[in-house]
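Observations on the three-dimensional arrangement
Chain residues, written in single-letter form:
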Amino acid sequence: MENTGPSTKQGATFLVVANRLPVDRIVREDGKVDWQTAPGGLVTALEPVMKQRGGAWVGWHGAPDEEVEAFEHDGYTVEPVPLSAEEVEEYYEGFSNATLWPLYHDAVAFPEFHREWFDAYERVNQRFAERAAEVAADGASVWVQDYQLQLVPRMLRELRPDLNIGFFLHIPFPPMELFQQLPWRRQIIEGLLGSDLVGFQMPGGASNFLRLVRRRTEHKVDRDRAIVKRNGDHECVARAYPISIDSKSFSDLAQAEETKAEAQELLEELGHPSMIVLGVDRLDYTKGLRQRVRAMGELFEEGKLDPNEVVFLQIATPSRERVEEYRRLRDDIDLLVGRINSQIGGVGRPPIVYRHQSFPRATLAAMYQLADIMLVTPLRDGMNLVAKEYLACHSGPDGALVLSEFAGAARELRQAYMVNPYDLDGMKEAIMHAATDPQREKRRRFRALKKQVAENDISKWADRFLSDLDDHGKGPARGKTSADETPSMHFVDGEQTSQG
Ligand code: GDG
């Protein structure tokens, strides 16, 4: 596709605004400065979109207390936003990752509420909005990303009413009953309502959001949009856009000769087991690792899986290590894996090969190639790209995906072996089905799953969102107000509302 969003002297016509840049600034031991791909689903998804479209990516570069100049990278401009060490603590580790992250994931860990964290969140959101306002060309499309920046759309609209503002939430949007706990709920809703289009992973997220707008604000809701009455009306449309991956480049990577060679080496290192069960996650309490490791441990203990034949390879990429809950999780998993490995198997390779480190993407592709069974069992997950990466990379006809029904991906990947990760016995049963079902049944499921991911890739996702943003955007030439519309009666969530 044509590069549609170059940055010019007049500014960029297309911008992504995200907490993190696609690359992190790191200082090596010899003092040399380097840039390294940042981990996580948001970068995996948006990097190919930016490469294709060009424009500017506004975000933090991962190093506190450092100002870095803008630079060109892979055909687009990187615009680093500085954060102080205190802001990293309060805005990022605090409000983003110890308040919003657990609250939005069904409160699977206890969300903490601190006023000074929110103050920092507001301050940093304002800084991101100001930088985006400086960099954007007249009438540009600005795509704000994720829970760390929910106040940006409104702030940006106030600074630059000419822009088309889209927002996408990568994590679940919680039900009203949970969201209401948040002392700053009003500011967050109003922040999001600054957008012309708000995207969620699931239709349920969009309806949770609209329900809140209807119950908690004076703005009206009409089907899939809120009519926001402030500084002249605008419409904020809320819809689901299930995210995906660059399926072709993952499958090409897995097919590359070097990757195949790496897979052979890995197989050798693992001692040629007859079955490889794989997990790949950021080390995060939402990913259901405690439950998964226990389930696999019990299957080994009960002799349902033979530790001489089967290996469980679990990669846990380091993440948010300064947040207390993450440190606790790391210790728990270390202990659990150690206990299982010390009690099961012979003197050779342990049944669980656990690596708390990150690997190059090509190594992950080699692991996906090898895995007979992929375990993706989060307690709650916006989508989960690892499930889709496995399907793009595993080329044999006999793969099997065990998938939590609480991952957004479960809505599309219906042929997976579905599990409730809280139900250990159920999870063990599903893993055993994935291990022992007749080949014909497994192939049928796997074919359908692979097709889904091949046909619904990241460019389809981005095109759908951005073309809807063009349609709903309210650039001055296209401005539309609800006052022009004929009054009508609507039914929303079973409730009658009068509009206009
Ligand atoms: C958020 C939402 C949503 C992992 N370890 C390594 C590595 N990774 C890559 C994986 C994958 C990404 O990180 C993880 O993406 P997920 O989607 O599984 O999870 P989150 O990071 O929590 O992502 C999630 C996503 O945003 C997108 O909207 O799906 O629900 O929580 O791409 O491959 N990459 C490399 N080395 C590793 O060791 N190179």
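Anything mentioned here points back to the structure above.
Bear in mind that the values here come from a model prediction, so they are computed numbers and not experimental data.

Let us look at the site of the ligand. In the vicinity of the ligand, 23 residues are found, and the nearest of them are His170, Thr317, Phe359, Asp381 and Glu389. Side-chain polar atom of Gln201 to an oxygen atom of the ligand: 3.1 Å apart, as the coordinates give it. Within the backbone of Leu385, one N or O atom sits 2.8 Å away from an oxygen atom of the ligand. Burial of the ligand by the protein amounts to 92% of the accessible area it has alone, namely 720 Å². Secondary-structure elements contributing two or more residues to the shell around the ligand are helix H1 (41-53), helix H12 (361-370) and helix H13 (385-393).

Before going further, it helps to spend a moment on H1. Its 13 residues give H1 an end-to-end C-alpha distance of 19 Å, which sits within 8% of 18 Å, the value for a rise of 1.5 Å per residue. Every buried residue of H1 is listed here: Leu42, Val43, Thr44, Ala45, Leu46, Glu47, Val49, Met50 and Arg53. Directly beyond the C-terminal end of H1, a positive phi value near 70° is found at Gly54.

Attention now moves to the pattern of salt bridges. By the definition in use, this model includes 45 salt bridges. Between Arg225 and Glu235 there is a salt bridge, with the nearest N and O atoms lying 3.1 Å from each other. One end of the pair, Arg225, is in strand E12 (residues 225-228); the other, Glu235, is in strand E13 (residues 234-240), and 10 residues separate them in sequence. Given the relative accessible area of 17%, Arg225 is considered buried. One salt bridge connects Arg328 with Glu325, and the closest N-O pair in it is separated by 3.4 Å. One end of the pair, Arg328, and the other, Glu325, are both in helix H11 (residues 324-343), three residues apart, so they sit about a helical turn from each other. Note on Arg328: relative accessible area 38%, which makes it partly exposed. Judged by its relative accessible area of 23%, Glu325 is partly exposed. It is possible to trace a salt-bridge network through shared partners that takes in Asp224, Arg225, Glu235, Arg239 and Asp468.

Here we take up the environment of Ala416. By the element assignment, Ala416 lies in the loop between strand E18 (400-404) and strand E19 (417-419). Assessed through its relative accessible area of 4%, Ala416 is described here as buried. Measuring from C-alpha to C-alpha, the distance between Ala416 and Ala256 comes to 26 Å, with 160 residues separating the pair along the chain. Residues within four places of Ala416 in sequence aside, it is in contact with Leu401, Leu403, Arg445 and Leu449.

Here the focus is the packing of aromatic side chains. Evaluation of the coordinates by the stated rule reveals 25 aromatic pairs. Ring centres 5.6 Å apart and planes at 70° place the aromatic pair Tyr104 and Phe173 in the edge-to-face group. Highlighted residues: Tyr104 in helix H2 (residues 85-104) and Phe173 in the loop between strand E9 (164-168) and helix H5 (176-179), separated in sequence by 69 residues. Side by side, Tyr104 and Phe173 carry an identical accessibility label, which is buried. Three or more aromatic residues joined by ring pairs make a cluster, and in this case those are Tyr91, Phe95, Phe113, Phe118, Tyr121 and Trp184. Between the NZ or CZ atom of Arg53 and the centre of the ring of Phe14, over which it lies, the distance is 6.0 Å. The side chain of Arg320 reaches across the aromatic face of Trp101, ending 4.1 Å from its centre.

What counts and how
- Residues numbered from 1 in each chain as written.
- Predicted model: local features only at pLDDT ≥ 70, side-chain atom pairs only at ≥ 80, totals over all residues.
- Heavy atoms only, no water.
- Near = heavy atom within 4 Å.
- Polar contact = N/O pair within 3.5 Å; in protein donor to acceptor, adjacent residues only side chain to side chain.
- Areas by Shrake-Rupley, 256 points an atom, 1.4 Å probe, with all protein chains shown as cover.
- Helix = DSSP H or I, 4+ residues; strand = E, 2+ residues; numbered from the N terminus.
- Expected span 1.5 Å × (residues − 1).
- Buried < 20%, exposed > 50% of the residue type's maximum accessible area, 1.4 Å probe, protein only.
- Salt bridge = Lys/Arg side-chain N within 4 Å of Asp/Glu carboxyl O.
- Contact = heavy atoms within 4.5 Å.
- Phe/Tyr/Trp six-rings, centres within 6.5 Å; stacked < 30°, edge-to-face > 60°.
- Lys NZ or Arg CZ within 6 Å of the ring centre and 35° of its normal.

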